[in-house]
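Analysis of the macromolecular model
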Amino acid sequence: MEKQQPPEGQDGSAAAGGPPTCYRHPERETGIRCTRCERPICPDCMIGASVGFQCPECVRQGSGTGHHPAAARPRTLAGGGVAADPRLITKILIALNLIVFVVVWARPEFLDDLLLFGRATTDDPSAGYEGVAEGQWYRLVTSMFLHVEVWHIAFNMLGLWWLGGPLEAALGRVRYLALYLLSGLAGGALTYLIAGPAQGSLGASGAVFGLLGATAVLMRRMNYDLRPVIALLVVNLIFTFNPWGRIAWQAHVGGLVAGALIAIAMIHAPRERRNLVQYGACALVLLVVVVVVLARTAALT
């Protein structure tokens with residue numbers, strides 16, 4: 001098969017005597033080359049193919065196949081479609097979190113309508129209760145995008161940016177979004193089950209911990225050094241279980257476990273039954289969330 005030659009001046013070559021650098025990210029050294037055009041590519045640009053890895057441009061063009069590009073386009077590691085912007089969903093999620101943060105900062109009265117709690121009295125005791133147990137299931141979702149302190153949203157959005165981009169590129173947009181939302185829901189469901197019914201909970205930490213668990217699974221699959229992600233996990237768990245902070249550890253643990261399990265199903269699913277295993281795992285996690293919420297609601301009411 002004839003190989004596409006790299007455009008002049010864009011082959012990722014470093015200065016004389018230096019190691020090659022990714023042609024899309026010149027600041028990153030790499031020893032991997034696209035099997036079609038032979039340009040150097042970094043891990044963020046590597047797209048698995050039947051033999052070796054290919055760069056995003058060759059994948060989009062379907063170069064050297066003789067077929068329509070869509071017919072020859074390789075899939076991501078998890079079987080998702082290759083996108084021109086591998087961080088689009090991550091950017092949208094960050095934007096949504098920031099928008100909600102600004103809205104609540106401008107209108108603090110929205111806070112009680114969005115945060116997660118099981119069952120609590122309203123400001124007017126004669127009006128009864130409100131919370132998930134009263135049928136306000138939407139709080140499991142809205143609380144995932146809710147932050148009050150600047151440091152809280154800053155840490156979560158940095159984690160979302162660092163962890164989300166590589167996962168979105170590896171899983172594809174639909175699978176990545178399912179991983180994020182289901183991790184957040186699992187964290188909220190465990191909080192609802194264990195925490196006090198009137199204890200409020202908010203933040204994207206459950207979803208971000210799900211991305212952390214998925215990152216560990218992905219790095220293990222790619223045979224990368226797991227020590228950095230293990231160290232990051234240990235540090236985060238230390239902060240999670242410290243006796244001085246007001247941290248909903250239930251959300252962190254629930255999101256971490258759900259994210260790791262979903263990632264295992266997505267990354268290790270056999271190719272011939274990939275969709276069945278992947279979406280079946282997502283449906284199973286969602287079912288567990290629903291059962292937990294129903295059981296806790298029955299206990300509270």
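Quick look at the structure, then. Counting of residues starts from 1 at the beginning of each chain's written sequence and follows it residue by residue. In view of the model being predicted, local features appear only for residues whose pLDDT reaches at least 70, and side-chain atom pairs are presented and counted only at 80 or more, with totals across whole chains, interfaces and linings using the full set of residues. To obtain the side-chain values, all non-hydrogen atoms of the structure were included, while hydrogens and water were left out.

1. Regarding the packing of helix 6 (residues 150-171) against helix 7 (residues 173-194)
Applicable threshold: Axis angles are defined between N-to-C directions and span 0 to 180 degrees, where every axis is a line fitted to C-alpha atoms and, for a helix, only to the segment in contact. For helices the rule is a DSSP run of H or I covering at least 4 residues; for strands it is a run of E covering at least 2, with both sets numbered from the N terminus onward. Note on angle classes: values under 35 degrees are labelled roughly parallel, values over 145 roughly antiparallel, values of 65 to 115 roughly perpendicular, and the remainder oblique. If you view the pair so one helix is near and one far, a crossing is left-handed when the near helix is turned anticlockwise from the far one by less than a right angle, and right-handed when it is turned clockwise. Contacts are assigned to residue pairs that have any heavy atoms within 4.5 Å of one another.
Running from N to C, helix 6 and helix 7 point in directions that differ by 135°, and their axes come no closer than 7 Å. Taken together, the axis directions place helix 6 and helix 7 in an arrangement best described as oblique. In this structure, the crossing between helix 6 and helix 7 has a hand that is right-handed. Residue-level contacts link L160, G164, L167, E168 and L171 of helix 6 to R173, R175, Y176, L179 and Y180 of helix 7.

2. Notes on the packing of aromatic side chains
Going by this rule: Whether two aromatic rings pair depends on their centres lying within 6.5 Å, for rings of Phe, Tyr and Trp, where Trp uses its six-membered ring; planes under 30 degrees apart make the pair stacked, over 60 edge-to-face, and the rest tilted. Two limits define a charge over a ring: the Lys NZ or Arg CZ must be within 6 Å of the ring centre, and within 35 degrees of the ring normal.
One pass over the structure, following the stated rule, counts one aromatic pair. Above the face of the W161 ring, R87 is positioned so that its terminal group lies 4.2 Å from the ring centre.

3. Some words on unusual backbone geometry
Basically, it comes down to this: We call a residue buried when its accessible area falls under 20% of the maximum for its residue type, exposed when it is over 50%, and partly exposed in between, using a 1.4 Å probe and counting protein chains only.
The phi torsion at E38 lies on the positive side, around 65°, for a residue other than glycine. Summarising the element assignment, E38 is placed in the segment before strand 1 (47-48). A relative accessible area of 42% means that E38 is categorised as partly exposed. Despite not being glycine, N223 shows a phi value in the positive range, around 60°. Mapped onto the elements of the fold, N223 is located in the loop between helix 8 (205-221) and helix 9 (227-240). On the basis of relative accessible area, N223 is assigned to the exposed category, the value being 64%.

4. Focus on the nonpolar core
Put simply, the test is: Nonpolar cores are built from buried Ala, Val, Leu, Ile, Met, Phe, Trp, Tyr and Cys residues. Side-chain atoms within 4.5 Å join them into one set.
In this structure, L160, Y176, Y180 and L211 are the most contacted members of the largest nonpolar core, which totals 47 residues. Broken down by secondary-structure element, the contributors of at least two residues to this core are helix 3 (88-106), helix 6, helix 7, helix 8, helix 10 (249-268) and helix 11 (274-300). Excluding its chain neighbours within four sequence positions, the residues that come into contact with Y176 are I89, T90, L93, L160, G164, L167, E168, L171 and L211. Formed by 10 residues, the second largest nonpolar core is a distinct cluster that contains C34, C37, C55 and C58.

Read these as layout, nothing more, since geometry by itself doesn't imply function.
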